[in-house]
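An overview of the molecular structure
The lines below spell out each chain.
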Amino acid sequence: MASGTSRAIAYLDNAASTPLCPAAAEAMAPLHRELYANPTGAHRMARDTRRRIDDARDVMAEALGSEPGEVVFTGGGTEGDNMAVVGRHMRVGGVTVCSAIEHHAVLAPVEHLGGRVVAVDAAGVVDLDALAAALDDGVTVVSVMLANNETGIVQPLEQVAAAVRSGAPQAVLHTDAVQAFPWLDVASLAACADLISVSAHKFGGPKGVGALVVRGGVELSPLMLGGGQERDLRPGTHNAAGIAGMAAAAEVVLKSRAEQALRLGGLRDRLADGVLAAVAGTVETGERSGKVAGSAHLCFEGIESEALLFLLEDAGVYASAASSCSSGAQDPSHVLAAMGYDRMLAGGSLRLSLGYETTDADIDRALAVIPDAVSRLRDYRTG
Ligand code: PLP
């Protein structure tokens, strides 16, 4: 059970952010105090700092199934997503396309650029016929995420890639693998993508750092102008400590991913099954077998998420409703709307996302608290 606050809590909001893993903290420490030189410099400390970045690049390349020279370090998932969509559009123009369940870091740029948004089916999976209909010679970038941040539902990227190659020959395929990386072998599942973005704080690394794979030959403009760092794609002094921390966390993921997915998938099933059995009028969003292992997403009839989250917090369970990347306001979920959920049911959604620190005790606490909280809210409404 996490104890980062004044009392122990069951932290079930790992899709929003994860605690820094010890290996990441250890890798970062010397880059703050001993190797603090600007890595573009010429002296020994600069060279040593640069070596840490090069080592991190090798690790991220292995983790993402790319060449080291194809890894661009970014300021996180939002930046990588924007670089892929906006950077591509700035360079070659044309039409941008994405699925309706993308994170706002993809959806907002696509909408801003007047692009096409492709429907998903009721199970939260991109509609391949609708995708094919949205593709033509004018499309230059298509973005479909590997796993959704609200529901955890994994998308059929290989089929998406096949559709893109045949229907939009000028297009590159970007995948936002931010939520997939802790759980899935992104190196193989995203081998069909030209651009892949990840974010360190979703897998035990620090916040504000990520990576974008830009495969050789993919034409992209930088979002910022300045120094020539990262092959001219991402100017600015490297966040050397963050980059080293991300790579250390990625190494841990590579070593323990399969085992953690098994352990946490079991805990997730116990949690979701327990809540479904204890609370009538609960709908599990999407097919569980099609989700990443750490994700449980439920909708409760007749309540509002905001009030539920308040009661859960009071009882020491931290979770979220839709994605939690905005101001904290509970906007209606565009993901559930795209899946055809009516506003009332979508308004009672709960995302419980597990992470490497999640224990049996966290699940026990959640199971002890959630049914009671839902029934109190329902009683309050009807009483
Ligand atoms: N993409 C997805 C799928 C996410 O879940 C998030 C964060 O929640 C992001 C992108 C944004 O990443 P960052 O917080 O590193 O900007």
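**Some details on the overall build of the protein chain**
A count of helical and extended segments in the protein chain gives 12 helices and 12 strands. Here the protein chain has a C-alpha radius of gyration of 21 Å; the compact-globule value for 383 residues is 21 Å, and the two agree. With respect to the three principal axes, the spread of C-alpha positions in the protein chain is 70 × 50 × 35 Å. The buried share among the 383 residues of the protein chain stands at 56%. Contacts in the protein chain between residues far apart in sequence, at least 24 positions, make up 70% of those at least 6 positions apart. Total accessible area on the protein chain is roughly 15500 Å²; 52% of this is exposed by carbon and sulfur atoms. Mean positive and mean negative side-chain charge positions of the protein chain (30 and 46 charges, respectively) differ by 6 Å.

**Describing the packing of helix α1 (residues 22-33) against helix α8 (residues 240-278)**
The contact between α1 and α8 brings their axes to 8 Å, and the two run at 160°. Classed by the angle they form, the pair α1 and α8 counts as roughly antiparallel. Taken as a pair, α1 and α8 cross one another with a handedness that is right-handed. Touching Ala23, Ala24, Ala27, Met28, Leu31 and His32 of α1 are Ala240, Ala241, Gly242, Ala244, Gly245, Ala248, Ala249 and Val252, all from α8.

**Digging into the packing of aromatic side chains**
Tallied over the entire structure, the rule returns 1 aromatic pair. Of note, Arg257 hangs over the ring of Phe181, and the distance from its end group to the ring centre comes to 5.1 Å.

**Let's talk about helix α12 (residues 360-382)**
For α12, which comprises 23 residues, the first-to-last C-alpha distance of 34 Å matches the rise-based estimate of 33 Å (1.5 Å per residue) to within 8%. Those residues of α12 that sit buried are Asp362, Ile363, Ala366, Val369, Ile370, Pro371, Ala373, Val374 and Leu377. Contacts made by the buried residues of α12 are with β1 (10-11), α8, β10 (295-300), α9 (305-314), β11 (317-318) and β12 (349-353).

**Let's talk about the nonpolar core**
The nonpolar side chains of a soluble globular protein tend to be buried with one another. Formed by 90 residues in total, the largest nonpolar core has its most connected members in Met60, Val142 and Phe300. The leading source of residues in this core is α8, at 15 residues. Taken domain by domain, the makeup of this core includes at least three residues from each of domain 1 (10-19 + 257-382) and domain 2 (22-252). If sequence neighbours within four positions are ignored, Val142 has contacts with Val97, Leu131, Leu135, Val164, Ala171, Val172, Leu173 and His174.

**Brief notes about the domain arrangement of the protein chain**
As assigned here, the protein chain comprises domain 1 (10-19 + 257-382) and domain 2 (22-252). Counting from both sides, the interface comprises 30 residues of domain 1 and, opposite them, 33 residues of domain 2. At the boundary of domain 1 with domain 2, total buried surface from both sides reaches about 2400 Å², with 54% on carbon and sulfur atoms. Of all residues in domain 1, Arg257, Val292 and His334 bury the most surface against domain 2, accounting for 29% of the area lost on that side. Counting every contact that joins domain 1 to domain 2 gives 0 salt bridges.

**Structural notes on the environment of Phe300**
Mapped onto the elements of the fold, Phe300 is located in strand β10. Taking relative accessible area as the criterion, Phe300 reaches 0% and is therefore assigned buried. With 181 residues separating them along the chain, Phe300 and Ala119 place their C-alpha atoms 24 Å apart. Not counting residues within four places of it along the chain, the set of residues in contact with Phe300 comprises Val275, Val279, Gly281, Thr282, Leu308, Leu345, Gly348, Leu350, Ile370, Val374 and Arg378.

**Quick look at the environment of Thr74**
Checked against the element boundaries, Thr74 lands in strand β2 (residues 71-74). For the pair formed by Thr74 and Asn239, sequence separation is 165 residues and the distance between their alpha carbons is 8.9 Å. Each residue touching Thr74, except ones within four places of it in the same chain, is listed here: Glu79, Gly80, Met83, Gly208, Val209, Gly210, Ala211, Leu212 and Arg234. Within the structure, Thr74 has its side chain in polar contact with the backbone nitrogen of Ala211 (distance 3.5 Å).

**Examining the sheet that holds β10**
Pairing is antiparallel across the open sheet formed by 3 strands, whose spatial order is β9-β10-β12. Sheet topology places β9 (282-284) and β12 at the edges, where each strand pairs with a single neighbour. Between one strand axis and the next, the sheet turns by 25° as a mean value, whatever way the strands run. With 5 bridges connecting them, β10 and β12 associate as antiparallel partners. For His297, the partnering residue across the bridge sits in β12 and is Arg351. Along the sheet, α8 contacts β9, β10 and β12; its crossing angle with β10, the most-contacted strand, is approximately 10°.

The rules behind these values
- Numbering of residues begins from 1 in every chain and follows the order in which that chain's sequence is written.
- Local features in this predicted model are restricted to residues whose pLDDT is 70 or higher, and side-chain atom pairs enter the listing and the counts only when it is 80 or higher, whereas totals over whole chains, interfaces and linings include all residues.
- Calculation of side-chain values draws on the structure's entire complement of heavy atoms; hydrogens and water are dropped beforehand.
- We count a stretch as a helix when DSSP gives it H or I for four or more residues in a row; a strand needs E for two or more, and each element gets its number in order from the N terminus.
- Restricting the calculation to C-alpha atoms gives the radius of gyration, and the globule rule supplies 2.2 Å times the number of residues raised to the power 0.38.
- Remark: exposure states derive from per-residue accessible area (1.4 Å probe, protein chains only) relative to the maximum for the residue type, with buried under 20%, exposed over 50%, and partly exposed in between.
- Should any heavy atoms of two residues lie within 4.5 Å, those residues are considered in contact.
- To be clear on the numbers: accessible area is Shrake-Rupley with a 1.4 Å probe, and residue cover counts the displayed protein chains and nothing else.
- Positive: Lys, Arg. Negative: Asp, Glu. His and the chain ends are not part of the count.
- Here the site of a charge means atom NZ of a Lys, CZ of an Arg, CG of an Asp or CD of a Glu.
- Angles run from 0 to 180 degrees between N-to-C directions of axes, and those axes are lines fitted to C-alpha atoms, restricted for helices to the stretch in contact.
- Note on angle classes: values under 35 degrees are labelled roughly parallel, values over 145 roughly antiparallel, values of 65 to 115 roughly perpendicular, and the remainder oblique.
- Crossings are sorted by hand: turned counterclockwise from the far helix by less than a right angle, the near helix makes the crossing left-handed, and turned clockwise it makes it right-handed.
- Any two of the Phe, Tyr and Trp rings considered here, Trp counted by its six-membered ring, make a pair once their centres fall within 6.5 Å; the pair's planes then place it as stacked at under 30 degrees, edge-to-face at over 60, or tilted in between.
- Here, a charge over a ring means that NZ of Lys or CZ of Arg falls within 6 Å of the ring centre while also lying within 35 degrees of the ring normal.
- The span expected for a helix works out to 1.5 Å for each residue beyond the first.
- Among buried residues, the Ala, Val, Leu, Ile, Met, Phe, Trp, Tyr and Cys ones that are joined through side-chain atoms within 4.5 Å form a nonpolar core.
- Throughout, the edges of the domains are those of an automatic or database domain assignment.
- A quick way to say it: buried area is the sum, across both parts, of accessible area lost when two parts are put together, with a 1.4 Å probe.
- Think of a salt bridge as a Lys or Arg side-chain nitrogen and an Asp or Glu carboxyl oxygen that are within 4 Å of each other.
- We call two N or O atoms a polar contact when they sit within 3.5 Å, provided that within protein one can donate a hydrogen and the other can accept it, with sequence-adjacent residues counted only if both atoms are side-chain atoms.
- Here the rule is simple: two strands pair whenever DSSP picks up at least two bridges between them.

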